[in-house]
Amino acid sequence: GDSVTQMEGPVTLSEEAFLTINCTYTATGYPSLFWYVQYPGEGLQLLLKATKADDKGSNKGFEATYRKETTSFHLEKGSVQVSDSAVYFCALDGHNNNDMRFGAGTRLTVKP
Amino acid sequence: DVKVTQSSRYLVKRTGEKVFLECVQDMDHENMFWYRQDPGLGLRLIYFSYDVKMKEKGDIPEGYSVSREKKERFSLILESASTNQTSMYLCASSRNSPLHFGNGTRLTVT
């Protein structure tokens, strides 16, 4: 079945460092891909998405490109801030039974 | 903005109690979901519903049931709570994708 594997955390960075969180997927067909973010004490919020190969999703300085050839959707940000500290989830929608698959989550801590 | 409201942020229940977790959404979404979130395991789907009175099992339905009597409300029921059901429970809704999540209910079963 469809699945998502993302980089294990936790990840600790200094402010203004470059961030990469790796995500790879397994799916039949042509899934849509997402990154969600969960700030402390809150539910998940959609951060960005891409619906087809070579699409780039972007929001709040974060980017991810849908790479079909490597089945990847890595999250990047050029300069992280303390306020980016959160748990990040990669997710896949295989368009089957409205069922999304989530990665295990990566906790990011950004220190001043 | 879509609002998904879970009735409780924190709940503490005893083993064997019947527990109701309530979720309401205000965007007329057809699809509603219950997930549990555990460290290192991400989100696991318990049940989902794509219409009133319809329900489908997710990956881990054992020990849970659901009710969808009205389009806006999706309830998760723990028939007899056990300590291994201590977790964060997240409700979500959608028309297609993406999902819109509530803030979660942290349930502790003692």
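Sequence positions are assigned chain by chain, starting from 1 and proceeding in written order. To label them, take the chains in the order written and letter them from A, then take the ligands in the order written and number them from 1. Reporting in this predicted model follows two pLDDT cut-offs: at least 70 for local features of residues, and 80 or more for side-chain atom pairs to be given and counted; totals over whole chains, interfaces and linings ignore these cut-offs and use all residues. Hydrogen atoms and water are omitted, and side-chain values are computed over all heavy atoms in the structure.

(A) Region of interest: the overall build of chain B. By the criteria applied, helices consist of DSSP H or I runs no shorter than four residues and strands consist of E runs no shorter than two, each listed in order from the N terminus. The number of helices and strands found in chain B is 0 helices and 12 strands. Listing the helices and strands of chain B from first to last along the sequence gives β-β-β-β-β-β-β-β-β-β-β-β. Relative to its length of 110 residues, chain B is compact, with a C-alpha radius of gyration of 13 Å against a globular reference of 13 Å. Taken along its principal axes, the extent of the C-alpha atoms in chain B is 35 × 25 × 25 Å. In this analysis, two residues are considered to be in contact whenever any of their non-hydrogen atoms come within 4.5 Å of each other. In chain B, once contacts between residues fewer than 6 apart in sequence are set aside, the share between residues at least 24 apart is 54%. With an accessible surface of roughly 5400 Å², chain B has 47% of that area assigned to carbon and sulfur atoms. Charge assignment: positive for Lys and Arg, negative for Asp and Glu; neither His nor the chain ends contribute. One atom stands in for each charge, and that atom is NZ of Lys, CZ of Arg, CG of Asp or CD of Glu. Distance from the positive charge centre (16 side chains) to the negative charge centre (14 side chains) of chain B: 5 Å. Here the globule rule is a power law, 2.2 Å times the number of residues to the power 0.38, and the radius of gyration is based on C-alpha atoms. A 1.4 Å probe and the Shrake-Rupley method give the accessible areas. Residues count as covered only by the protein chains that appear here.

(B) Layout of the pattern of salt bridges. Residue and element names in this part refer to chain B. Each reported salt bridge corresponds to a side-chain nitrogen of Lys or Arg within 4 Å of a carboxyl oxygen of Asp or Glu. Per the counting criterion, the structure on display carries 12 salt bridges over all chains. Close ionic contact of Lys 71 with Asp 28 constitutes a salt bridge, the shortest N to O distance being 3.2 Å. With Lys 71 in the loop between strand E8 (64–70) and strand E9 (73–78) and Asp 28 in the loop between strand E4 (23–25) and strand E5 (31–38), the pair connects residues that are 43 residues apart, well separated along the chain. Exposed residues in this analysis have more than 50% of their type's maximum accessible area, buried residues have under 20%, and partly exposed residues fall in between, with area computed by a 1.4 Å probe over protein chains only. Using a relative accessible area of 25% as the deciding quantity, one classes Lys 71 as partly exposed. On the accessibility criterion, Asp 28 (45% relative accessible area) is partly exposed. Here the residues in one salt-bridge network are Asp 28, Glu 30, Lys 71 and Arg 95, joined through shared partners.

(C) View of the interface of chain B and chain A. Every contact between the two is made by 20 residues of chain B and, on the other side, 19 residues of chain A. At the junction of chain B with chain A, the criterion picks out 1 salt bridge. Each polar contact in these results corresponds to two N or O atoms within 3.5 Å; when the atoms are within protein, one needs to be able to donate a hydrogen and the other to accept it, and residues that are neighboring in sequence are counted only if both atoms are side-chain atoms. Counting the contacts that link chain B with chain A gives 5 residue pairs in polar contact (both at pLDDT 80 or more). Split into classes, the residues belonging to the side of chain B that touches chain A amount to 11 nonpolar, 7 polar and 2 charged. Here the nonpolar group is Ala, Val, Leu, Ile, Met, Phe, Trp, Tyr, Cys and Pro; Asp, Glu, Lys and Arg are the charged ones; every other residue, Gly included, is treated as polar.

(D) A look at the layout of surface pockets. Estimates place the volume of the largest pocket at around 580 Å³. Around the largest pocket, the lining is made up of 28 residues, and of these A:Gln38, A:Val87, A:Arg107, B:Gln37 and B:Pro39 lie nearest the centre. Put simply, the parts of the chain that give the lining of the largest pocket at least two residues each are strand E10 (86–93) and strand E12 (106–111) of chain A together with E5 and strand E10 (87–94) of chain B. If one sorts the elements of the lining of the largest pocket by residue count, E10(A) sits on top with 3 residues. Of the residues belonging to the lining of the largest pocket, the class tally is 10 nonpolar, 12 polar and 6 charged. A pocket here means an open set of points on a 1 Å grid, computed over the protein atoms alone, that has protein on both sides within 12 Å along at least five of seven lines. A cavity is instead a set of points where a 1.4 Å probe fits but cannot get out; residues with an atom within 4 Å of a point line either one. Grid points are joined across faces, edges and corners, and a volume is the space filled by probe spheres set on the points.

(E) How the structure looks around the state of the cysteines. Any two cysteine sulfur atoms within 2.5 Å of one another count as a disulfide. A complete count under the given rule lists 2 disulfides over all chains for this structure. Between the sulfur atoms of A:Cys23 and its disulfide mate A:Cys90 the distance is 1.9 Å. Across the S-S bond of A:Cys23 and A:Cys90 the torsion is about -70°, and the bridge reads as left-handed. Of this pair, A:Cys23 sits in strand E4 (residues 23–26) while A:Cys90 sits in strand E10, and the two are 67 residues apart along the sequence. The class of A:Cys23 is buried, set by a relative accessible area of 1%. What pairs with B:Cys23 in a disulfide is B:Cys91, and their sulfur atoms sit 1.9 Å apart. Given an S-S torsion of about -75°, the disulfide between B:Cys23 and B:Cys91 has left-handed geometry. You can see B:Cys23 sitting in strand E4 and its partner B:Cys91 sitting in strand E10, a full 68 residues away along the chain.

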